[in-house]
Amino acid sequence: AEQTYDVVIIGAGGAGFSAAIEAKKAGANVVLLEKMPTVGGNTLISGGEMNAPNNWVQQNLGITDDTADLFYEDTLKGGDNLGSPEMVRILADNALASAEWLRDEIKVEFLPDHLFQFGGHSRKRALIPVGHTGAELITKLKAKTDEEKITIKTNMKAESLITDDQGRVTGVTATTGSGDKITFHANKGVIIASGGFGSNVEMRKKYNPELDEKYMSTDTPGTTGDGIIMAEALGAKLTNMESIQTYPVCNPETGVISLVADSRFDGAILINQEGERFVEELERRDVISKAILAQTGGYTYQFWNQKIADIGKTIEVHQDEYDMLVKQGLLHKADTIEEAADFFKVDEDTLKATIQKVNEYAKTGDDLDFHHRGGLVSLETGPYYIQKAVPSVHHTMGGLVIDEKTRVINEKGEIIPGLYAAGEVTGVIHGSNRLGGNAIADIFTFGRIAGQQVVSEN
Ligand code: ADP
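Keep in mind the model is a prediction, meaning the values are calculated, not measured. All residue numbers here refer to positions counted from 1 along the written sequence of the relevant chain. Reporting in this predicted model follows two pLDDT cut-offs: at least 70 for local features of residues, and 80 or more for side-chain atom pairs to be given and counted; totals over whole chains, interfaces and linings ignore these cut-offs and use all residues. Excluded from the side-chain calculation are hydrogens and water; included are all heavy atoms of the structure.

J.: Give me the sheet that holds strand E3 (residues 50–51): which residues, what numbers.
T.: Paired strands are those between which DSSP finds at least two bridges. Secondary structure elements follow DSSP: runs of H or I of four or more residues count as helices, runs of E of two or more count as strands, with numbering from the N terminus. Here 3 strands make up an open sheet; going across it, the order is E3-E5-E4 and the pairing antiparallel. This sheet does not close on itself; its edge strands, each paired only once, are E3 and strand E4 (110–116). Bridging between E3 and strand E5 (residues 126–129) involves 2 bridges; their strand directions are antiparallel. Paired with Met50 across the two strands is Leu127, which belongs to E5.

Listed below in structure tokens is the structure:
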């Protein structure tokens, strides 16, 4: 079967949705192809937090000294300067507008009075959607595409890109869930928004043998690098492919990211089996992950008290995950430090000494051991929470090279006509290490540009 649209978009995550909405707004007839039975991708299962410098919540909280320049510097430095400065500049200059677009056009609700300061950021600047997950983002994006009558085809796996004899991309071949082949012709162009390759162990090993089967993944099963492989077949240039990020605190049984453990951003500490802290809890994800793997057993315990729990309310907003962790014996609520230590057989005296130091540092505002950049919180009063966690593959920084208009670039440095890409499938923003809250900022900023560009240029 054959179908014709102006714009064909591969992947219904945050990048694909925002591209679809912008392309439709610019007047194009759009189809969004999603290989899974449901839309949302990793965007849906993420925490959904989004960095935007100088945002309205910062103003509510009296944070008045954040700028696009600071965000730019944090992001480049966070990726060891391996991201493209021109592209990071675009991200930094447009992240706030992307957040405002989500708020005003898509009707995403963000918490008015709470922000996260993820590792590597010099300011608290990550907006938090209500519910603290990407569900708020995807639900509202889906409602918008319904309202705009944008065609979404689930169970529709893009297999390859079609080109004409000039090398211009003119469509996509796809297969349905029942194995039927469909050709989607694209009058204006194709946008690849198929996400990363964190769930593809073979591909991970090809680019970085260290990230083999011993790691589970936080990603959806659809995150297999399809868009990278399809574009590579047309000579697309790849970059930063060896940079694969692990998220430090995930479920040791399933690999799923722990959002209950977002209490870390409100002051929870990380300890090892011996009961000692071993890393600054707001360090970069790669640094914390490596530090955890170097501890006894290659795991950590996250430890916090009710006072910290009450700040972000991560237990209430992620009640299902909490109940599951308790049932799995991976999280325990204890009235006393002794009880918490005993549950996981952590050395009690060492843990007590560690906590005593934390309480001191909380008072003086000076963490002499690890220089906690958020300032430690006193753990004097219970009840306490202790949770076992391991690092798990979370984000693939590498991918397609795009230019500032999201056009896909080939090995010779030329534009592949008719082909655009945005989101985790691209490799030019995050360098060796993506900072927390930067994926959401990236996918919406460049997803929107791709949707606008494919229409205005063709
Ligand atoms: P991003 O954050 O870049 O938007 P996501 O992981 O949120 O990425 O979304 C990517 C989406 O693309 C996922 O829903 C995934 O299932 C989908 N996808 C991946 N490969 C294909 C493919 N070959 N055909 C159609 N959809 C795909």
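J.: Which residues make up unusual backbone geometry, and what are the values?
T.: The peptide bond linking Gly382 to Pro383 adopts the cis configuration, its omega dihedral lying at -10°. The residue Pro383 is located in the loop between helix H14 (348–364) and strand E15 (384–396) in this model. A positive phi angle, close to 65°, is found at Asn54, a residue other than glycine. As for its placement among the helices and strands, Asn54 is situated in the loop between E3 and helix H3 (56–60).

J.: Describe the site of the ligand, and please don't skip the residues or the numbers.
T.: Nearness is judged by heavy atoms alone; a residue qualifies as near a molecule or strand once a single heavy atom is within 4 Å of it. Near the ligand you find 26 residues, and of these Glu34, Thr43, Ala158, Asp226 and Glu424 are the closest. Any N or O atom pair separated by 3.5 Å or less is treated as a polar contact, with the protein-specific requirement of one donor-capable and one acceptor-capable atom, and with residues adjacent in sequence counted only for side-chain atom pairs. In the environment of the ligand, an oxygen atom lies 2.9 Å from a nitrogen or oxygen atom belonging to the backbone of Ala15. Asp226 places a side-chain nitrogen or oxygen 2.8 Å from a nitrogen atom of the ligand. In this description, accessible areas are obtained by the Shrake-Rupley approach with a 1.4 Å probe, and a residue is regarded as covered only by the protein chains that are shown. Burial of the ligand by the surrounding chains reaches 98%, relative to a free accessible area of 580 Å². Elements supplying a minimum of two residues to the shell around the ligand: helix H1 (14–25), helix H2 (41–45), strand E7 (156–163) and helix H8 (226–232).

J.: Could you give an account of the pattern of salt bridges, naming the residues involved and the relevant values?
T.: A pair is scored as a salt bridge if a Lys or Arg side-chain nitrogen falls within 4 Å of a carboxyl oxygen belonging to Asp or Glu. Across all of its chains, the model carries 28 salt bridges by this definition. With a shortest N-O distance of 2.8 Å, Asp104 and Arg103 are connected by a salt bridge. Accessibility expressed as a relative area gives 37% for Asp104, which makes it partly exposed. Residue classification places Arg103 among the partly exposed residues on the basis of a relative accessible area of 30%. In this structure, Lys157 engages Glu159 in a salt bridge whose closest nitrogen and oxygen atoms are separated by 3.4 Å. When accessible area is computed with a 1.4 Å probe and restricted to protein chains, residues below 20% of their type maximum are described as buried, those above 50% as exposed, and intermediate ones as partly exposed. Residue classification places Lys157 among the partly exposed positions, given a relative accessible area of 31%. Within the structure, one salt-bridge network assembled from shared partners comprises Asp66, Asp74 and Arg125.

J.: So what's going on with helix H15 (residues 438–456)? Residues and values would help.
T.: End to end, H15 covers 27 Å across 19 residues, agreeing with the expected 27 Å (1.5 Å per residue, within 8%). A large share of H15 lies buried, amounting to 17 of its 19 residues. The span one expects for a helix is its residue count, reduced by one, times 1.5 Å.

J.: Break down the side chain of Gln117 for me, with residues and values.
T.: Structurally, the position occupied by Gln117 is in the loop between E4 and E5. Take Gln117: its relative accessible area is 15%, and that puts it in the buried class. Only 2.9 Å separates the side chain of Gln117 from the backbone oxygen of His121, close enough to count as a polar contact. In contact with Gln117, not counting residues within four places along its chain, are Ser122, Arg123, Lys124, Phe265, Leu282 and Arg373. The contact rule is simple, with two residues in contact once any of their heavy atoms fall within 4.5 Å.

J.: Provide a residue-level description of the packing of aromatic side chains, including the pertinent values.
T.: Paired rings are identified among Phe, Tyr and Trp, the last through its six-membered ring, by centres lying within 6.5 Å, and are further divided according to the angle between planes into stacked (under 30 degrees), edge-to-face (over 60) and tilted (the rest). Summed over all chains, the structure comprises 12 aromatic pairs. Measuring from ring centre to ring centre gives 4.7 Å for Phe118 and Phe265, while their planes differ by 75°; the resulting arrangement is edge-to-face. Taken together, the positions of Phe118 in the loop between E4 and E5 and Phe265 in the loop between strand E11 (244–250) and strand E12 (269–271) put the pair 147 residues apart, joining distant regions of the chain. Like Phe265, Phe118 is buried. Note on Trp304 and Tyr385: the rings are 5.4 Å apart at their centroids and 20° apart in plane angle, and the pair reads as stacked. Linking Trp304 in strand E13 (residues 300–305) with Tyr385 in strand E15, this pair joins segments that are 81 residues apart in sequence. Feature note: the residues Tyr299, Tyr301, Phe343 and Phe344 constitute an aromatic cluster, connected by ring pairs. Charge-over-ring placement is defined geometrically: NZ (Lys) or CZ (Arg) within 6 Å of the ring centre, and within 35 degrees of the ring normal. A cation over a ring is seen here: Arg285 above Phe118, with NZ or CZ 5.9 Å from the ring centre. Looking at Lys388, its charged tip hangs above the ring of Tyr299, at a distance of 4.2 Å from the centre.

J.: How would you explain helix H4 (residues 68–78) if you had to name every residue and give the values?
T.: Within H4, the full set of buried residues consists of Phe71, Tyr72, Asp74, Thr75, Leu76 and Gly78. In this structure, the buried side of H4 is in contact with E3, helix H5 (85–104) and H15. Phi for Asp80, located one or two positions after H4, is positive at around 55°.

J.: For the environment of Ile292, give the residues involved together with the corresponding values.
T.: Along the chain, Ile292 turns up in helix H9 (residues 285–293). Measuring from C-alpha to C-alpha, the distance between Ile292 and Ile271 comes to 9.0 Å, with 21 residues separating the pair along the chain. Residue contacts for Ile292: discarding those within four places in its chain leaves Pro248, Phe278, Gly298, Tyr299, Thr300 and Pro391.

J.: Please give an account of the environment of Gly189 that cites residues and values.
T.: By the element assignment, Gly189 lies in strand E9 (residues 181–192). With a relative accessible area of 0%, Gly189 lands in the buried category. Considering only alpha carbons, one finds Gly189 and Val455, 266 residues apart in sequence, at a separation of 8.1 Å. The contact partners of Gly189, leaving out residues within four places of it in the chain, are Asp6, Val7, Val8, Gly418 and Val454.

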